[in-house]
Amino acid sequence: NAGVTQTPKFQVLKTGQSMTLQCAQDMNHEYMSWYRQDPGMGLRLIHYSVGAGITDQGEVPNGYNVSRSTTEDFPLRLLSAAPSQTSVYFCASSSRQGNSSPLHFGNGTRLTVT
Amino acid sequence: AQSVTQLDSHVSVSEGTPVLLRCNYSSSYSPSLFWYVQHPNKGLQLLLKYTSAATLVKGINGFEAEFKKSETSFHLTKPSAHMSDAAEYFCVVSELRGADGLTFGKGTHLIIQP
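Calculation notes
Residues numbered from 1 in each chain as written. Chains lettered and ligands numbered in written order. Predicted model: local features only at pLDDT ≥ 70, side-chain atom pairs only at ≥ 80, totals over all residues. Heavy atoms only, no water. Helix = DSSP H or I, 4+ residues; strand = E, 2+ residues; numbered from the N terminus. Rg over C-alpha atoms; globule rule 2.2 N^0.38 Å. Buried < 20%, exposed > 50% of the residue type's maximum accessible area, 1.4 Å probe, protein only. Contact = heavy atoms within 4.5 Å. Areas by Shrake-Rupley, 256 points an atom, 1.4 Å probe, with all protein chains shown as cover. Lys, Arg positive; Asp, Glu negative; His and termini not counted. Charge placed at Lys NZ, Arg CZ, Asp CG, Glu CD. Core = buried A, V, L, I, M, F, W, Y, C linked by side-chain atoms within 4.5 Å. Salt bridge = Lys/Arg side-chain N within 4 Å of Asp/Glu carboxyl O. Polar contact = N/O pair within 3.5 Å; in protein donor to acceptor, adjacent residues only side chain to side chain. Nonpolar A, V, L, I, M, F, W, Y, C, P; charged D, E, K, R; others polar. 1 Å grid on protein atoms, 1.4 Å probe; cavity = no way out; pocket = protein on both sides within 12 Å on 5 of 7 lines; lining within 4 Å. Points joined across faces, edges and corners; volume = space filled by probe spheres on them. Disulfide = S-S within 2.5 Å. Phe/Tyr/Trp six-rings, centres within 6.5 Å; stacked < 30°, edge-to-face > 60°. Pairing = 2+ DSSP bridges. Axes fitted to C-alpha atoms, helices over the stretch in contact; angles between N-to-C directions.

**Here's the deal with the overall build of chain A**
A count of helices and strands for chain A gives zero helices and 11 strands. Reading the helices (α) and strands (β) of chain A from amino to carboxyl end gives β-β-β-β-β-β-β-β-β-β-β. Its C-alpha radius of gyration of 13 Å places chain A within 12% of the 13 Å reference for a compact globule of 114 residues. Counting only C-alpha atoms and orienting by the principal axes, one finds that chain A spans roughly 35 × 30 × 25 Å. Taken over 114 residues, chain A has a buried fraction of 48%. The contacts in chain A between residues at least 6 apart in sequence include a share of 53% that link residues at least 24 apart. Surface accessibility of chain A: about 5,300 Å² in total, with carbon and sulfur atoms responsible for 48%. Positive and negative charge centroids in chain A, built from 8 and 7 side chains respectively, lie 9 Å apart.

Structure follows, in structure tokens:
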């Protein structure tokens, strides 16, 4: 079982460059989300989606775009990378938003912006 | 609104001794509570969850947590630490009603001394 797959595992960008972090899940989960993890900050929600064609902002959405054209895929786009976006990014999915359904996480993408 | 506080950023124990990781929460509604574990360079994995059933919850790898409403706590324990328990642990709260989704604590780094 693949679960949640994130690519790439590592990425280095220069300031101003754009890129897309890929996320795919094979569990037919409705809910998908993107978090960033920074030292001492825990995980902070960037964007989330409750189903194909529906997305919404989380706690720290600025500088990021998302789309959800299929149930399986939820890519995160950095429009113009900034050093403040250096972080580890996690994609997660669950069968329902919040409440009692646990999240399934990918292994993360470590992004460095120089 | 909901929030979660992990009272210790680092906990160090000797192998074979008990583990206690402390978590306090606040919630306007009946919350669901989770503990996740993150090993180095990995995504988060669910250890256990509380969803208004039994107040003592058993999880994987010998961990358990007790929901105490009067103290608004959900501390994680294990009777005997193993070297493989060394990791980062996150307490997470989710309200059953409301649109806030999940709120993560800032994490507790568990160190196991040989």
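**Notes on the nonpolar core**
Grouped together as the largest cluster of nonpolar side chains are 26 residues, with contacts concentrated most on W35(B), L48(B), F74(B), L76(B) and Y89(B). Counting residues per element, this core draws most heavily on strand β10 (residues 87-95) of chain B, at four residues.

**A word on the interface of chain A and chain B**
Each partner contributes to the interface: chain A provides 18 residues, whereas chain B provides 20 residues. Counting across the interface, chain A meets chain B through zero salt bridges. Here chain A and chain B share four residue pairs in polar contact (both at pLDDT 80 or more) between them. Mapped by element, the contributors of at least two residues to the side of chain A that touches chain B are β4 (31-38) and β5 (42-51) of chain A. Each residue belonging to the side of chain A that touches chain B can be placed in one class, and the counts come to seven nonpolar, 10 polar and one charged.

**Quick notes on the environment of S49(A)**
Residues and elements named next belong to chain A. Counting through the fold element by element, S49 comes out in strand β5. Considering only alpha carbons, one finds S49 and S93, 44 residues apart in sequence, at a separation of 9.3 Å. When near neighbours in sequence (up to four residues on either side) are disregarded, S49 contacts E30, Y31, M32, I54, T55, R68 and F74. Side-chain polar atoms of S49 contact the side chain of R68, separated by 2.7 Å.

**Here we look at the layout of surface pockets**
It is a probe the size of a water molecule, rolled over the atoms, that shows where empty space is left. The space that makes up the largest pocket amounts to roughly 480 Å³. Taken together, 24 residues make up the lining of the largest pocket; nearest its centre are Q37(A), V88(A), R110(A), Q38(B) and N41(B). Among the elements of the structure, β4, β9 (87-94) and β11 (109-113) of chain A together with β10 of chain B are those that each provide at least two residues to the lining of the largest pocket. Split by residue class, the lining of the largest pocket holds eight nonpolar, 10 polar and six charged.

**A word on the pattern of salt bridges**
As enumerated under the stated definition, the model contains five salt bridges over all chains in all. Between D38(A) and R36(A) there is a salt bridge, and its shortest N-O distance comes to 2.9 Å. Like D38(A), the residue R36(A) is buried in the burial classification. Across the salt bridge formed by K58(B) and E64(B), the nearest N and O atoms sit 2.8 Å from each other. Through salt bridges with shared partners, a single ionic network connects R36(A), D38(A) and R44(A).

**Describing the state of the cysteines**
Under the defined criterion, the tally for this structure stands at two disulfides over all chains. There is a disulfide in this structure between C23(A) and C91(A), and the S-S distance comes to 1.8 Å. With the S-S dihedral at roughly -70°, the linkage between C23(A) and C91(A) falls on the left-handed side. In this pair, C23(A) sits in strand β3 (residues 19-25) while C91(A) sits in strand β9, placing the two residues 68 residues apart along the sequence. Accessibility expressed as a relative area gives 2% for C23(A), which makes it buried. Across a sulfur-sulfur distance of 2.0 Å, C23(B) and C91(B) are joined as a disulfide pair. Taking the sign of the torsion about the S-S bond as the criterion, the disulfide between C23(B) and C91(B), at about -70°, is left-handed.

**What to know about the packing of aromatic side chains**
Residues and elements named next belong to chain B. Evaluated as defined, the whole model comprises 13 aromatic pairs over all chains. With a centroid separation of 6.4 Å and 40° between ring planes, the pair formed by Y36 and F104 is classed as tilted. Of this pair, Y36 sits in strand β5 (residues 31-38) while F104 is found in strand β11 (residues 102-104), placing the two residues 68 residues apart along the sequence. Where Y50 meets F74, the ring centres are 6.3 Å apart and the plane angle is 50°; that geometry is what we call tilted.

**A closer look at the sheet that holds β3(A)**
As a general point, the strands of a sheet are linked pairwise by backbone hydrogen bonds and lie either parallel or antiparallel. All names here are of chain A. Read across the open sheet, the four strands follow the order β1-β3-β8-β7; overall the sheet is antiparallel. Whereas interior strands pair on both sides, the edge strands pair on one side only; in this sheet they are β1 (4-7) and β7 (64-66). Strand-to-strand twist across the sheet, computed as the mean angle between neighbouring axes with direction ignored, equals 20°.

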